Amino acid sequence: MATPTHLRSFQALELALRLGSLKSAADELGITPAAVGQRIKALEDFLEMELLVRGRAGLQPTALLAVALPNLTRAFRELDAVVEILDMRRGHEIHIAAKQDFADLWLRPRLGNIRSALPNISFCVNGEGDAPHRLGPADCEIRFGAPKDGHDVLFADYIVPISSPENDRRISTLSKLDRLEGFPLLHLDAYKDDPAVEGWAAWIKANKMRRTAPERGIRFQRISAVLEAVLADAGLTLCGLGLISDLVSAGRIAAPFGLEGGSWTSHAYFARFRPDALHRPQVRRFRDWLVAEAQTTKSQLTRLASAN
């Protein structure tokens with residue numbers, strides 16, 4: 001018998017095939033591509049069969065799954081219709097699918113602010129919260145990328161080298177030319193699709209510094225993961241300040257080369273609300289709050305970028 005866990009696995013499978021990749025399915029669900037892969041693998045283990053094949057055209061169903069795929073797609077279409085019908089009965093719940101770093105570092109720490117204004121609202125962010133998880137589409141999706149018409153642009157990010165306070169102290173004792181020699185460089189791939197964001201080699205060249213093999217070093221997919229390494233004095237990274245401005249203001253994260261050498265991303269964090277969800281006053285009030293909070297962050301980033 002299938003369980004709710006298997007239902008989530010079927011959802012991940014259907015999305016991955018319909019959208020063409022694990023990454024696209026992950027964006028839709030607000031989880032990582034690895035987590036999507038794990039859900040599908042759990043389903044394959046449960047059914048004792050392979051369900052996906054990877055080819056030049058992307059993900060494809062196995063021959064056996066191809067027979068059942070129309071039923072699977074139809075089933076989730078029907079589930080979406082059920083959710084839409086029942087949605088108005090659960091007007092006190094707001095379901096959000098957000099880029100995981102945005103959820104962990106920016107959104108969840110601020111939800112307490114809106115709870116005081118809307119005490120009867122329950123939130124579910126990426127499947128977790130005081131509102132129960134549901135399989136239907138989220139009321140609000142928050143992504144980092146190139147916004148389109150109809151999206152609420154929250155803020156672009158401002159990229160600078162960051163370090164722990166201890167490594168900042170060590171760097172300050174060295175000559176400017178060689179300040180990066182001997183310090184591990186950590187590489188963050190969270191902005192890799194943004195054409196305006198350059199890596200360490202380009203930053204070092206632009207700032208007329210010297211560093212052997214700047215392309216070497218550990219790579220990180222998540223901002224939260226590289227932050228742990230930075231705070232543990234494990235190295236420096238190029239990171240946006242949008243999600244960590246509070247850590248910078250509190251002195252837990254340092255900008256060892258100042259802020260004047262930073263650069264703005266061309267992509268931005270943006271929110272996309274389901275049109276029918278905006279019929280609910282609670283969702284509209286959440287949207288107003290989100291845009292106002294984002295404006296505060298945008299103003300903070302502008303001040304930081306012009307601080308020096």
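Look up a bit, the structure's there.
Residues numbered from 1 in each chain as written. Predicted model: local features only at pLDDT ≥ 70, side-chain atom pairs only at ≥ 80, totals over all residues. Heavy atoms only, no water.

A. Up close: the sheet that holds strand S3 (residues 93-98). If you trace the nine strands from one edge of the open sheet to the other, you get S5-S4-S3-S6-S11-S7-S10-S8-S9, paired in mixed fashion. Both outer strands of the open sheet, strand S5 (128-129) and strand S9 (219-220), are each paired with one neighbouring strand and no more. As defined by bridge partners, S3 adjoins strand S6 (residues 140-145) across three bridges and the pair is classed as parallel. Looking at the pairing, Ile 96 lines up with Cys 140 of S6. (Pairing = 2+ DSSP bridges. Helix = DSSP H or I, 4+ residues; strand = E, 2+ residues; numbered from the N terminus.)

B. Quick look at the pattern of salt bridges. Here the structure, examined in full by the defined rule, presents 19 salt bridges. The partner of Glu 141 in a salt bridge is Arg 143, with the nearest N and O atoms 4.0 Å apart. The exposure class of Glu 141 is buried, given its relative accessible area of 8%. For Arg 274, the salt bridge identified is with Asp 276, shortest N-O distance 2.9 Å. Residue classification places Arg 274 among the buried residues on the basis of a relative accessible area of 14%. (Salt bridge = Lys/Arg side-chain N within 4 Å of Asp/Glu carboxyl O. Buried < 20%, exposed > 50% of the residue type's maximum accessible area, 1.4 Å probe, protein only.)

C. Looking closely at the pairing of strand S11 (residues 263-273). Pairing of S6 with S11 involves six bridges; the strand directions are antiparallel. Its bridge partner being in S11, Ile 142 is matched across the sheet by Ala 271. Alignment of strand S7 (residues 152-162) against S11, held across six bridges, turns out to be antiparallel. The residue of S11 that forms the bridge with Tyr 158 is Trp 264.

D. Here's a closer look at the nonpolar core. Ranked by internal contacts, the top residues of the largest apolar core, which has 63 residues, are Ile 96, Phe 102, Ile 142, Leu 241, Ile 244, Phe 286 and Leu 290. The element contributing the most residues to this core is helix H10 (residues 281-305), with seven residues. Setting aside residues up to four positions removed in sequence, Ile 244 forms contacts with Ile 162, Leu 227, Cys 239 and Ile 253. Among the nonpolar cores identified, the runner-up in size contains 21 residues, and Ala 16, Ala 35, Leu 51 and Leu 65 belong to it. (Core = buried A, V, L, I, M, F, W, Y, C linked by side-chain atoms within 4.5 Å. Contact = heavy atoms within 4.5 Å.)

E. Summary view of helix H8 (residues 223-231). Turning to H8, its buried residues are Ile 223, Ser 224, Val 226, Leu 227, Ala 229 and Val 230. Downstream of H8 by one or two residues, Asp 233 has phi in the positive range, about 65 degrees.

F. A look at helix H3 (residues 33-47). Spanning 15 residues, H3 covers 21 Å between terminal C-alpha atoms, matching the ideal 21 Å at 1.5 Å per step. Taken together, the buried positions of H3 are Ala 35, Val 36, Ile 40, Leu 43 and Glu 44. Immediately downstream of H3, the backbone of Glu 48 shows phi near 60 degrees, a positive value. (Expected span 1.5 Å × (residues − 1).)

By themselves these figures say nothing about function.
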